[in-house]
Amino acid sequence: MKKIIAVLFLCSVAGQSMAQVRHNNKFPSPESATYDNNGNDLRGFINANKTALMTRGAIVNEASGNTWGYLQVKTVKTPGENKKGELNYYESFNVTLALYKSPDGAKATWWAREYNNPKGPMLYYKAGDPGMLSIDNVKYSEIITDLVPKKMTLVEYFDSSFSSKDFDVIMKNCLFMKGGTIKDNADYNAMIDFYNGFLGKFSEVNDAVLDNKSFITFFKNKGNNYVGYFNIVNGKLSGYVELIDAPFERDRIKLINDIFKKLTGSYIYIYGDDTFGMEKMIKQRADKSNIKTDRRMTTMSSKFNQDQ
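The model shown is predicted, which means the values in this text are computed figures rather than measured ones.

Before going further, it helps to spend a moment on the overall build of the chain. A count of helical and extended segments in the chain gives eight helices and 13 strands. In terms of overall dimensions, the chain is globule-like: its C-alpha atoms have a radius of gyration of 20 Å, near the 19 Å expected for 308 residues. Viewed in the frame of its principal axes, the chain has a C-alpha envelope of about 60 × 40 × 40 Å. Across the 308 residues that make up the chain, the buried fraction comes to 54%. Across the chain, contacts joining residues at least 24 apart in sequence account for 68% of those joining residues at least 6 apart. For the chain, the exposed surface amounts to about 14500 Å²; the carbon and sulfur share of it is 49%. A gap of 3 Å separates the mean positions of the 41 positive and 34 negative side-chain charges of the chain.

A ring pair, where both rings are aromatic, is described by two values, the distance of the centres and the angle of the planes. Throughout the structure, instances matching the rule amount to 27 aromatic pairs. Both rings, one in Trp110 and one in Tyr124, keep their centres 5.5 Å apart while their planes meet at 45 degrees; by these two values the pair is tilted. In this pair, Trp110 is assigned in strand β4 (residues 105-113) and Tyr124 in the loop between β5 (122-123) and β6 (136-137), connecting sequence segments 14 residues apart. Seen from their ring centres, Phe198 and Phe202 are 5.3 Å apart, and the 90 degrees between their planes marks the pair as edge-to-face. Per residue, the accessibility class of Phe198 equals that of Phe202, and both read buried. Through a chain of ring-to-ring contacts, three or more aromatic side chains come together here, namely Phe194, Tyr195, Phe198, Phe202, Phe215, Phe219, Tyr226, Phe230, Tyr267, Tyr269, Tyr271 and Phe304. The side chain of Lys213 reaches across the aromatic face of Tyr267, ending 5.2 Å from its centre.

Burial of strand β10 (residues 224-233) is extensive: eight of the 10 residues sit out of reach of the surface. One ladder, built from eight bridges, connects strand β9 (residues 213-221) with β10; its direction is antiparallel. Note that in β10 the partner of Asn221 across the bridge is Asn224. A loop of two residues connects β9 with β10, the two strands running antiparallel in sequence, and Lys222 in this loop sits at a positive phi of about 55 degrees.

For helix α4 (residues 140-147), the complete set of buried residues consists of Tyr140, Ile143, Ile144 and Leu147. Along the long axis of α4, the arc covered by the buried residues comes to 100 degrees, so they all point the same way.

It is worth spelling out unusual backbone geometry at this point. A positive phi angle, close to 60 degrees, is found at Asn116, a residue other than glycine. By secondary structure assignment, the location of Asn116 is in the loop between β4 and β5. Unusually for a residue other than glycine, Asn290 sits at a positive phi of about 60 degrees. Relative to the helices and strands, Asn290 is located in the loop between α8 (279-288) and β13 (292-296).

Here the focus is the environment of Asp36. Turning to its location among the elements, Asp36 is positioned in the loop between α2 (30-34) and α3 (42-64). Placed 95 residues apart in sequence, Asp36 and Gly131 show a C-alpha to C-alpha distance of 8.2 Å. Other than its neighbours up to four places away in sequence, Asp36 contacts Glu31 and Asp41.

Cut-offs applied
- Residues numbered from 1 in each chain as written.
- Predicted model: local features only at pLDDT ≥ 70, side-chain atom pairs only at ≥ 80, totals over all residues.
- Heavy atoms only, no water.
- Helix = DSSP H or I, 4+ residues; strand = E, 2+ residues; numbered from the N terminus.
- Rg over C-alpha atoms; globule rule 2.2 N^0.38 Å.
- Buried < 20%, exposed > 50% of the residue type's maximum accessible area, 1.4 Å probe, protein only.
- Contact = heavy atoms within 4.5 Å.
- Areas by Shrake-Rupley, 256 points an atom, 1.4 Å probe, with all protein chains shown as cover.
- Lys, Arg positive; Asp, Glu negative; His and termini not counted.
- Charge placed at Lys NZ, Arg CZ, Asp CG, Glu CD.
- Phe/Tyr/Trp six-rings, centres within 6.5 Å; stacked < 30°, edge-to-face > 60°.
- Lys NZ or Arg CZ within 6 Å of the ring centre and 35° of its normal.
- Pairing = 2+ DSSP bridges.
- Arc of directions from axis to C-beta.

Structure follows, in structure tokens:
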């Protein structure tokens, strides 16, 4: 399993979409990535998010019976380092910081790409000085090994340049969410309950019949309404969840248009018992793009795989 994971990491596509210039330095500075980058490092990320990680991660673990994983991630700029140990701030690296709430504790890691090339091998080095991290600092593959068996991993991200591409390759089903989306911790329970039901509507996700399908889903908890949208990527579900903050019709139309720009399927399922007044807008937007839609309630008895 570990060998397979390593190959997947080496072959996975970039986590960043911006243009890249080949660096002279092969590696980022491990010390800067870990604890010495003016707080834009693993130690700073831990200090700012540890309480939330432990609280939210414990909710996710308990609500899912430890069948879901929970990650917090952030992308930062880290200086490169040459063989003499000299730092280069002009050729910085895109470094992904990640915190994982395990069933019995927590783990932290970071990774970058060789020469900052999006298609280069993934890199991680233990810093010479541990930097007094309050969470165990491990190689990324240790966390991925824990997450591979999960039926869904919730990835909460904290930067505007976040990309799901690395995670789409190396993990199973993923649900991405911008930090601060969930307004009440109880909503994590509602989300997990809803999407466990959603997952139960598949006989399996890795099925060729689903390759051209996308999904728009709706759930709520008390006064908070959410929308989630998914594509099938590498035989797995890859989706985002957002809080619906659209008080006016023009806001709801914009929300639907933005979602459709991110969907890849030519056949879209609308799933959930309440679409919060947006079903007609979805149908109009789909017709405009010659996309078929299919409305399904949470009580559906059939499987998505059964539709041709």
